[in-house]
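Examination of the molecular architecture
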Amino acid sequence: MAVTAVAALLAALGGALWLAARRFVGPSVQRLHRGGDSGLMHGKTVLITGANSGLGRATAAELLRLGARVIMGCRDRTRAEEAAGQLRREICQAGGPELGPDSGGAGELVVKELDLASLRSVRSFCQEVLQEEPRLDVLINNAGIFQCPYMKTEDGFEMQFGVNHLGHFLLTNLLLGLLKSSAPSRIVVVTSKLYKYGDINFEDLNSEQNYNKSFCYSRSKLANILFTRELARRLEGTNVTVNVLHPGMVRTNLGRHIHIPLLVKPLFNLVSWAFFKSPLEGAQTSIYLASSPEVEGVSGKYFGDCKEEELLPKAMDESVAGKLWDVSEVMVGILK
Ligand SMILES: NC(=O)C1=CN([C@@H]2O[C@H](COP(=O)(O)OP(=O)(O)OC[C@H]3O[C@@H](n4cnc5c(N)ncnc54)[C@H](OP(=O)(O)O)[C@@H]3O)[C@@H](O)[C@H]2O)C=CC1
Ligand SMILES: CC1=C(/C=C/C(C)=C/C=C/C(C)=C/C=O)C(C)(C)CCC1
C-alpha cells in the first residue's frame, strides 16, 4: 500500500517536473518587435475585433506599443473599457512610450461597440467608423466563438458560422472602400488548424438538420480561409492585402463553453499552462502580418508562427470559395 502511494507520488512529481521543463525549455515564438520598433505603426489606424480578451487584447497591446491608433471592436462596452484601461496602465507601468496621438510614442486606444452576432450592429459600427475615421490601415478579424451550444444570431444564423464568418464577411465588405482609399493596407484573418475537420455543407449552413458544435466551429474556420483566398483574388491590383493565420493553442477565454468538472479543472489548467501558448506568444503571427515590412505585398497566404504554411486542398478550392462568397452576400444582404 505504502509502496503504491510513494510510487504514485513520485510519478505525479515527475510528471509535474516534466511539464514545467517542457514549458520553460520548449519552443516558444520569439517576440518580434522590441523597443527599437516602437514607432513602426505610428500614424496607422488598426481595427481589431474581439480586442478585449485573449489574442485580440494581446495584439492590441503590442500594436498600441508600436504607435498605432487601435480601434477595439467589442460587443460589451464595459468589458472593453476595462481592458482598454488595463492596457493603458500596463504600457505606462512598463515605462513604455507616452500614450496619445501627439506623443510620438505609443498610439491611442478607442473603444467601439460591435456585436458580430447582429448584422444591424455590424452596419451601425461600420457607419460610425466611416464617419469618424479618415483612414484604416489594418483590419484584424480576430473575434471568435468556440463550440457553443446551439444558438442563433439575431438574424437567424447558426452562432459560430454567424459570428466567425458572416459577421466578419459583412464588416470587411463595408470597410473595403476605406481600406482601399488608405492603401497600402492590410486585412488579417484569424482562423484555426481545426479548419481541417470542417466542410462547407451549402445545403445546411444554419445546421438546422443536425448540430455538431465541433464540426460547426471547424466549418466556420474553413470559411475564414476560403473567404481570405477569394478576397485576395478580388483585391488583386488594389494594394490591399489579406492573409490568414492560425495562432496555435493559446490560453484564452475561448474554451468558456467547454464544461469541465470542477475536480478535474486544476489538471486541465496544468496541462494548458504546460502546453498552450500565452496570449502574447499566440498573437505574434497577427502582429507580424499587421505590421512587418517582410509581408508587404504578400496576399492570400496562410501563416503559422510567422511563417507561410501549406493548406489542405479543400481550403484552396476556388469554386467552393466563390460559391461561399456569393451565398454569404445573399445571407448578409449585400447582393447588388
Ligand atoms: N485560443 C486558441 O487556442 C485558438 C484561438 N483561435 C482563434 O483566435 C481568435 C481569438 O480567440 P481567443 O482570443 O482565443 O478567445 P477569447 O474568447 O479570449 O476572445 C474572443 C473574443 O471574441 C469576442 N467575441 C465573441 N463573440 C463576439 C460577438 N458576437 N461580437 C463581437 N465579439 C465577439 C469576445 O468578446 P467577449 O469577451 O465579450 O465574449 C472576445 O473578445 C478566435 O477567432 C479563435 O477562433 C484559433 C485557434 C486556437
Ligand atoms: C485554458 C483552459 C481551457 C481553455 C481551452 C481553450 C482556450 C481552448 C482552445 C481551443 C482551441 C485550441 C481552439 C482552436 O481553434 C479549458 C479547456 C476551458 C479548461 C481549463 C483550462
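Every chain is numbered on its own, with residues counted from 1 as its sequence reads. Chain A is the first chain written and ligand 1 is the first ligand written, with later ones labelled in order. Per-residue local features of the predicted model are confined to residues with pLDDT of at least 70, and side-chain atom pairs are confined, for both listing and counting, to 80 or more; whole-chain, interface and lining totals are unaffected and use all residues. Computation of side-chain values: all heavy atoms of the structure, hydrogens and water removed.

This part takes up the overall build of the chain. Only runs of H or I of at least four residues qualify as helices and only runs of E of at least two qualify as strands under DSSP, and these elements are numbered from the N terminus. Helix and strand counts for the chain stand at 10 helices and eight strands. Burial classes: relative accessible area under 20% of the type maximum marks a residue as buried, over 50% as exposed, and values in between as partly exposed (1.4 Å probe, protein chains only). Split into buried and exposed, the 336 residues of the chain put 49% on the buried side. The contact rule is simple, with two residues in contact once any of their heavy atoms fall within 4.5 Å. Residue pairs at least 24 apart in sequence account for 78% of intrachain contacts in the chain once pairs closer than 6 positions are excluded. A total accessible area of about 16,100 Å² is found for the chain, and carbon and sulfur atoms account for 55% of it. Each accessible area value is a Shrake-Rupley result obtained with a 1.4 Å probe; residue values ignore everything except the protein chains displayed when judging cover.

This next bit is on the packing of helix α4 (residues 119-132) against helix α5 (residues 159-181). Only the contacting stretch of a helix is used when fitting its axis, a line to C-alpha atoms as for every element, and angles between N-to-C directions run 0 to 180 degrees. At their nearest, the axes of α4 and α5 sit 10 Å apart, and the two run at 20° to each other. Here α4 lies roughly parallel to α5, going by the angle between them. Seen from above, α4 lies across α5 with right-handed handedness. In this structure, α4 uses Leu119, Val122, Arg123, Phe125, Cys126, Val129 and Leu130 to contact α5, whose residues at the interface are Gly167, Leu170, Leu171, Leu174, Leu175 and Leu178. Residue composition of the contact of α4 with α5, grouped by class: 11 nonpolar, one polar and one charged. Any angle that is under 35 degrees is reported as roughly parallel, and any over 145 degrees as roughly antiparallel; angles of 65 to 115 degrees are reported as roughly perpendicular and all others as oblique. By the definition used in this description, the sense in which the near helix is turned from the far one sets the handedness, with an anticlockwise turn below a right angle giving left-handed and a clockwise turn giving right-handed. Following the grouping adopted for this structure description, the nonpolar residues are Ala, Val, Leu, Ile, Met, Phe, Trp, Tyr, Cys and Pro, the charged ones are Asp, Glu, Lys and Arg, and the polar ones are all others, Gly among them.

Before going further, it helps to spend a moment on the packing of aromatic side chains. Any two of the Phe, Tyr and Trp rings considered here, Trp counted by its six-membered ring, make a pair once their centres fall within 6.5 Å; the pair's planes then place it as stacked at under 30 degrees, edge-to-face at over 60, or tilted in between. Tallying each qualifying case throughout the model produces seven aromatic pairs. On the numbers, 5.9 Å between centres and 80° between planes, the contact of Tyr195 with Tyr302 is edge-to-face. With a gap of 107 residues between them, Tyr195 in the loop between β5 (185-190) and α6 (213-234) and Tyr302 in strand β7 (residues 302-304) connect regions that are remote in the sequence. Each member of the pair Tyr195 and Tyr302 is classed as buried. The rings of Phe169, Phe227 and Trp325 are connected pair by pair, giving a single aromatic cluster. Each ring is checked for a lysine NZ or an arginine CZ that lies within 6 Å of its centre and within 35 degrees of its normal; such an atom marks a charge sitting over the ring. Positioned above the aromatic ring of Phe161 is the side chain of Arg219, whose terminal nitrogen or guanidinium carbon lies 5.1 Å from the ring centre.

Before going further, it helps to examine the site of ligand 1. As a structural note, the neighbourhood of ligand 1 is formed by 28 residues, with Asn52, Ser53, Arg75, Tyr217 and Thr252 the closest of them. A 3.5 Å cut-off defines polar contacts: any pair of N or O atoms within that distance qualifies, except that in protein one atom must be a possible hydrogen donor and the other a possible acceptor, and neighbouring residues in sequence count only when both atoms are side-chain atoms. At 2.8 Å, a backbone N or O of Asn142 approaches an oxygen atom of ligand 1. Contacts to ligand 1 include Gly248, whose backbone N or O atom sits 3.5 Å from an oxygen atom. Look at ligand 1: alone it shows 890 Å² of surface, and the protein chains cover 96% of it. Mapped onto the shell around ligand 1, the elements with two or more residues apiece are α2 (54-65) and α6. Of the residues belonging to the shell around ligand 1, the class tally is 12 nonpolar, 11 polar and five charged. Whether a residue is near a molecule or strand is decided by its heavy atoms; if any one of them lies within 4 Å of it, the residue is near.

We now examine the nonpolar core. Most often, soluble globular proteins keep nonpolar side chains buried together rather than apart. Here, nonpolar core refers to any group of buried Ala, Val, Leu, Ile, Met, Phe, Trp, Tyr and Cys residues whose side-chain atoms link them within 4.5 Å. Judged by nonpolar contacts, the single largest core of 52 residues is most densely connected at Leu47, Leu171, Leu175, Leu179, Ile187 and Leu231. Contributing elements (two or more residues each) for this core: α4, α5, β5, α6, β6 (240-246) and α10 (318-332). Ranked by residue count, the leading element in this core is α5, at 11 residues. Once residues within four sequence positions are removed from consideration, Leu179 is found in contact with Leu136, Asp137, Leu139, Ser185, Arg186, Ile187 and Val240. Grouped together as the second largest cluster of nonpolar side chains are 37 residues, Ala60, Ile91, Ala106 and Phe303 included.

Only strands joined by at least two bridges in the DSSP assignment are considered to pair. Strands sit in the order β3-β2-β1-β4-β5-β6-β7-β8 across an open sheet of eight strands; the sheet is mixed. In this open sheet, the two edge strands, each paired with only one partner strand, are β3 (108-113) and β8 (307-308). Of the strand pairs in this sheet, β7 and β8 are connected by two bridges, and their pairing is antiparallel. If you follow Phe303 over to β8, its bridge partner there is Glu308. In the packing of α4 onto the sheet, contacts are made with β1 (45-49), β2 (69-74) and β3, and the angle to β3 comes to roughly 145°. Across the sheet, helix α9 (residues 284-291) touches β4 (138-141), β5, β6 and β7, and the angle it forms with β5 is around 160°.

Contacts to ligand 2 come from 14 residues, most closely from Ser192, Tyr217, Val250, Ile260 and Asn269. Contact with the protein chains hides 84% of the accessible area of ligand 2, taken as 530 Å² for the molecule alone. Of the residues assigned to the shell around ligand 2, the class counts are nine nonpolar, five polar and no charged.

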